[in-house]
Amino acid sequence: MTQDSKLVTSATTAKPQLTDAAQVEAMKVAVVDAIEDIKGFDITVMDVRKLTSMTIYMIVASANSSRQAKSIADNVREKLKGKGFAIRGTEGEKEGEWVLVDLDDIVVHIMVPTTRAYYNLEQLWGEAEGRRGHVKALNQDIENHVKAAS
């Protein structure tokens, strides 16, 4: 298995399937297209591989209303299913202020602007990357200090 490949098990089948980088990229493009089809806006795609092993990309988009957020989520599911991708689950459709579509390798967050501003996922995940970088630098400093003391 290459570094760009990942072994996953679909929620609907017990058979492992190989998800390669090209499939993930195709899925990412299909998600963005599906969001744009229903006039979603402020689309942000974050590569979170260095931060979590649960997913590769997190896509955050805004909708003008809870009804539009639900419609965007429906379109994402419909378009991705049509292309043969598995949908793991959807959360938040009842309220519609924040709808999450879990595609395993990609997690899609569709929010109304007030909810998006309140939770500010881009900053949250960006700060996590910053903290992670700080911890790596600190660990390297400690290792260098220990080597120098030896």
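Here is a short report on the structure shown in this document. Along each chain, numbering runs from 1 in the same order as the chain's sequence is written. For a predicted model such as this one, the threshold for reporting local features is a pLDDT of at least 70, and the threshold for listing and counting side-chain atom pairs is 80 or more; totals across whole chains, interfaces and linings nevertheless cover every residue. Excluded from the side-chain calculations are hydrogens and water; all other atoms, namely the structure's heavy atoms, are used.

Some remarks on the overall build of the protein
- The helix and strand inventory of the protein stands at four helices and seven strands.
- Each helix and strand of the protein, ordered N terminal to C terminal, gives the series β-β-α-β-β-α-β-β-β-α-α.
- Long-range pairs, those at least 24 residues apart, make up 51% of the contacts in the protein between residues at least 6 apart in sequence. Secondary structure elements are taken from DSSP: a helix is a run of H or I of four residues or more, a strand is a run of E of two residues or more, and numbering for both begins at the N terminus. Two residues form a contact once any of their heavy atoms are found within 4.5 Å.

Points about the packing of aromatic side chains
- Two rings from Phe, Tyr or Trp (for Trp, the six-membered ring) form a pair when their centres are within 6.5 Å of each other. A pair whose planes differ by under 30 degrees is stacked, one over 60 is edge-to-face, and the rest are tilted. Under the defined criterion, the tally for this structure stands at two aromatic pairs.
- Here the aromatic rings of Trp98 and Tyr119 are separated by 4.8 Å at their centres, their planes lie at 50°, and the arrangement is tilted. Residue Trp98 is found in strand 6 (residues 98-102), and its partner Tyr119 is found in helix 3 (residues 113-119); the two are separated by 21 residues along the sequence.
- Residue class for Tyr119 comes out partly exposed when judged on its relative accessible area of 43%.
- For the pair Tyr118 and Tyr119, a centre-to-centre distance of 4.9 Å together with 85° between the ring planes defines the contact as edge-to-face.
- The structure contains a cluster of three or more aromatic residues connected by ring pairs, namely Trp98, Tyr118 and Tyr119. Only protein chains enter the accessibility calculation, which uses a 1.4 Å probe; a residue whose area is less than 20% of its type maximum is buried, one above 50% is exposed, and one in between is partly exposed.

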